[in-house]
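# Structural overview for review
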Amino acid sequence: MKTLGYSERRICRALGISRNTVRYVPQPREDEEALTADILRFAAQYGRYGYRRVHALLRNQGWDVSHGRVMRLWRREGLKVPQKQPKRGRLWLNDGSCIRLRPEHRNHVWSWDFVFDRTVGGRPIKLMVVIDEYTRECLAVHVARRIRGKDAIDVFADLMETHGIPEHIRSDNGPEMVAKRLRSWLGRLGTKTIYITPGSPWENGYCESFNGKLRDELLNGELFYTLREAQVLIEQWRVFYNTERPHSSLGYRPPAPETLSPNQKYPCRKKLRKLTFKLDQLMRAGHEDSRLHQIQSNFFWLPYVPCSTNISGMPRLRTGVSTLLTANRLLTPEPAPP
């Protein structure tokens, strides 16, 4: 207007726009600065996260904000996910495809794989990753200089004692995965081993996706000076991944949050008492199954837990409920074929 010497009214009429648009002055909200500060804090803390995952973290912290507003502030601050992140030091058989066999429930399909890295001195470290494909929970990341078949058996034994016995375990065709000792041990437990086609890592997509996140968000940004440091930092990240990190395929919820949402319910005390009574009846009738005997002796106290107990904060109680439900699945007869 100052350059051409015309009035605002005449210019707006010529351009076909409203004068209110020209005169509009944005009014920032009262919480704009606090929200921007939290976005910048998350962007600095989790350098590999985009605005969608940061939006999920903000929602978890209590912000009632839309992803569009987060995207606007994200772009206004000039934030973006870097392509490469420099490392920083700290002081201290063919039917195994995830497309052909999709997980249908917890402990239906576990998958495992190996990830490699090095300490500062150049010595290699080996990571054994085990995940539950249905819940996306990372069950274990075992870190050592070397991992052989007998070491894998020890890891699986500890996991099965806590989470139960899976129906299938998916893997590629590495020497540790196809070891006769491991396959024989899993066969005695009733767990089927399924192997992907050689040279087709996409058939183990769930585990490969997790490996990519582990590499991108942790290993590419850390310098490990000792094996113990690697074990501690990787375990910390695994716990964070399971309990806090938003997972896009789960609606930006973590795989195993520390607290229960209102929609997540565990079996009531009446159902637990009924399952325990059923188990006790079968034991008295002479049912021969060592796993059921162990469940009966270890978790007889479950039906007497108060209904108000927060089961999410008690690992032993949570394990007991899961184990008792597994026993119920073992005791339920399969339907006769039509």
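Here's a quick rundown of the structure. (Residues numbered from 1 in each chain as written. Predicted model: local features only at pLDDT ≥ 70, side-chain atom pairs only at ≥ 80, totals over all residues. Heavy atoms only, no water.)

### Some details on the packing of helix α4 (residues 51-60) against helix α5 (residues 67-76)
What counts, and what does not: Orientation is described by axes fitted as lines to C-alpha atoms, over the contacting stretch for helices, and by angles from 0 to 180 degrees between their N-to-C directions. Working definition: helices are DSSP H or I runs of at least four residues, strands are E runs of at least two. Numbering for both runs from the N terminus. When an angle is under 35 degrees it counts as roughly parallel; over 145 it counts as roughly antiparallel; between 65 and 115 it counts as roughly perpendicular; any other value is oblique. By the definition used in this description, the sense in which the near helix is turned from the far one sets the handedness, with an anticlockwise turn below a right angle giving left-handed and a clockwise turn giving right-handed. Note on definitions: a residue-residue contact is assigned when non-hydrogen atoms from the two residues lie within 4.5 Å.
In contact at an axis separation of 9 Å, α4 and α5 are set at 120° when each is read in the N-to-C sense. Relative to α5, the element α4 is oriented oblique. For the crossing formed where α4 meets α5, the hand is right-handed. When α4 is examined against α5, the residues Tyr51, Val54, His55 and Leu58 are found in contact with a partner set consisting of His67, Val70, Met71 and Trp74.

### Thoughts on unusual backbone geometry
Of note in the backbone geometry, Asn107 takes a positive phi value of approximately 65° without being a glycine. Topologically, Asn107 is positioned in the loop between β1 (88-89) and β2 (109-118). The phi angle at Arg136 is positive, at roughly 65°, despite the residue not being glycine.

### Points about the environment of Asp158
Defined as follows: Accessibility here uses a 1.4 Å probe with only protein chains present; expressed as a share of the type maximum, an area under 20% marks a residue as buried, one over 50% as exposed, and anything in between as partly exposed.
Along the chain, the position of Asp158 falls in helix α6 (residues 149-163). Under the relative-accessibility criterion, Asp158 is labelled exposed at 51%. Separated by 18 residues in the primary sequence, Asp158 and Ala140 have C-alpha atoms spaced 9.7 Å apart.

### A look at the nonpolar core
Selection rule: Joining through side-chain atoms within 4.5 Å is the link that ties buried Ala, Val, Leu, Ile, Met, Phe, Trp, Tyr and Cys residues into a set, and such a set is a nonpolar core.
Within the largest apolar cluster, 36 residues are counted, with the highest numbers of intra-cluster contacts made by Leu58, Leu127, Phe210, Leu214 and Ile234. For this core, the secondary structure elements donating two or more residues are α3 (32-45), α4, α5, β3 (124-132), β4 (138-144), α8 (205-217) and α9 (227-243). Setting aside residues no more than four positions away along its own chain, Leu214 makes contact with Val115, Leu127, Val129, Leu219 and Trp237. Counting 21 residues, the second largest nonpolar core, distinct from the first, contains Ala152, Ile153, Leu159 and Met160.

### Quick notes on the environment of Ala230
Within the secondary structure, Ala230 sits in helix α9. Take Ala230: its relative accessible area is 0%, and that puts it in the buried class. Distance in space between the C-alpha atoms of Ala230 and Leu219 is 9.4 Å, their sequence separation being 11 residues. What Ala230 contacts, discounting residues up to four positions off in sequence, is Ile125, Val143 and Phe224.

### Re the sheet that holds strand β5 (residues 168-171)
Put simply, the test is: Note on pairing: DSSP must find at least two bridges between two strands before they are called paired.
Ordered in space as β4-β3-β2-β5-β6, the 5 strands form an open sheet in which the pairing is mixed. Bordering the open sheet on either side are β4 and β6 (192-195), each of which pairs with just one other strand. Across the sheet, the mean angle from the axis of one strand to that of its neighbour is 25°, orientation sign disregarded. Across 6 bridges, β3 lies against β4 in antiparallel orientation. Of the residues in β4, the one forming a bridge with Leu127 is Val143. Strands β2, β3, β4 and β5 of the sheet are contacted by α6, whose axis makes an angle of about 135° with β2.

### Observations regarding the pattern of salt bridges
Should their charged atoms come close, side chains of opposite charge can pair. We apply this condition: Note on definitions: salt bridges are taken to be side-chain nitrogens of Lys or Arg within 4 Å of carboxyl oxygens of Asp or Glu.
Within the structure shown, the criterion is met by 15 salt bridges. Here Arg106 and Glu137 are joined by a salt bridge, their closest N and O atoms 3.8 Å apart. Of this pair, Arg106 sits in the loop between β1 and β2 while Glu137 sits in the loop between β3 and β4; the two residues are 31 residues apart in sequence, bridging distant segments of the chain. Among the residues examined, Arg106 registers a relative accessible area of 47% and is labelled partly exposed. By relative accessible area, which is 12% here, Glu137 ends up buried. Arg215 serves as the salt-bridge partner of Asp117, at 3.9 Å between the closest nitrogen and oxygen. Of this pair, Asp117 sits in strand β2 while Arg215 sits in helix α8, placing them 98 residues apart in sequence. Asp117 gets classed as buried once you look at its relative accessible area, which sits at 11%.

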